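One-letter residues, chain by chain:
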Amino acid sequence: MGRSLGEEAGFGLLQILIAAIAIVPIIVVGIVRGLHEREPRAKVAQAEFETRLAAVVDGIGQQVLPARQSSLRTRKRVIKEDGTVAMSDWFTPVPGEAYSELRFSRVPFGHTGRSGHAATKTYVLRFAFDEGETENGCDDDGDGLIDEGVVELRSGERLVATLATRLRTCQFVVDDWKVSIFVEGEEPLERGYYLDAHVIKTFTLKRL
Ligand SMILES: [Ca+2]
Ligand SMILES: [Ca+2]
């Protein structure tokens, strides 16, 4: 005499349950292993990203180091009465305040005197959003980064060099002879996972 339909159905269900109990740990182990494999990769990528940002700060700092301390100026965005945004006049940076633009005259290479009569050039370091990207918390230009921009070195209207790209911000804080440079950025690592880092470094101007 064969087993009843109920017995067969019960046995089938038991098999499925046993199989499921066996499979679940395998899936869990798989996920955990996946995370563990990604973690070291992410850590290495993060360390490399921080090293890159530190090098960016060093590069910007090299441009500031020969600046005349007395020539340091900045300006900031102001909202006018009619609601439009404009840049203020240049002014002496307030100690401890962060600015995205820094203007300075640079002591010519090899000039060590205090007379200051040697020809100097005026430069501006500035953080500017990428073309097509505005500060709105959205990735306007579709490159995977939000509100990203560049650090430019300008002399008058002329772009001398682009010192950094793909940054979220670059800010300058002046305190007497010290200029601190803060940069922050993010980089897509893999789907849905971003590296995020910031570096701040203080440079002491040469007392020329
Ligand atoms: Ca973007
Ligand atoms: Ca944007």
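Rules used in this analysis
- Residues numbered from 1 in each chain as written.
- Chains lettered and ligands numbered in written order.
- Predicted model: local features only at pLDDT ≥ 70, side-chain atom pairs only at ≥ 80, totals over all residues.
- pLDDT = per-residue confidence, 0-100.
- Helix = DSSP H or I, 4+ residues; strand = E, 2+ residues; numbered from the N terminus.
- Core = buried A, V, L, I, M, F, W, Y, C linked by C-beta atoms within 7 Å.
- Buried ≥ 20, exposed ≤ 12 C-beta atoms within 10 Å, placed from the backbone.
- Contact = placed C-beta atoms within 7 Å.
- Pairing = 2+ DSSP bridges.

A. Region of interest: the confidence of the model for the protein. This prediction gives the protein a mean pLDDT of 86; 81% of its residues lie at or above 70. When mean pLDDT is taken per element in the protein, strand β3 (residues 98-99) scores highest with 98 and helix α1 (residues 5-64) scores lowest with 77.

B. Structural view of the nonpolar core. Core analysis: the largest hydrophobic core is formed by 22 residues, its most contacted members being I60, V151, A164, C170, I181 and V183. If you list the elements that add at least two residues to this core, you get α1, β4 (101-106), β5 (121-129), β7 (158-175) and β8 (178-190). The residues contacting I181, other than those within four sequence positions of it, are V57, I60, G61, C170, F172, K201 and F203.

C. Expanded view of the pairing of strand β6 (residues 149-155). For β5 and β6, the ladder comprises six bridges, and the chain directions are antiparallel. Bridge pairing in β6 places V124 opposite R154. As judged from the six bridges shared by β6 and β7, these two strands associate in the antiparallel manner. Note on β7: the bridge partner recorded for S155 is R158.

D. Spotlight on unusual backbone geometry. Of note, the phi angle at R166 is positive, near 60 degrees, even though the residue is not glycine. Taking the C-beta count within 10 Å as the criterion, R166 has 16 such neighbours and is therefore assigned partly exposed. Although it is not a glycine, D176 sits at a positive phi angle of roughly 60 degrees. If you trace the backbone, D176 turns up in the loop between β7 and β8.

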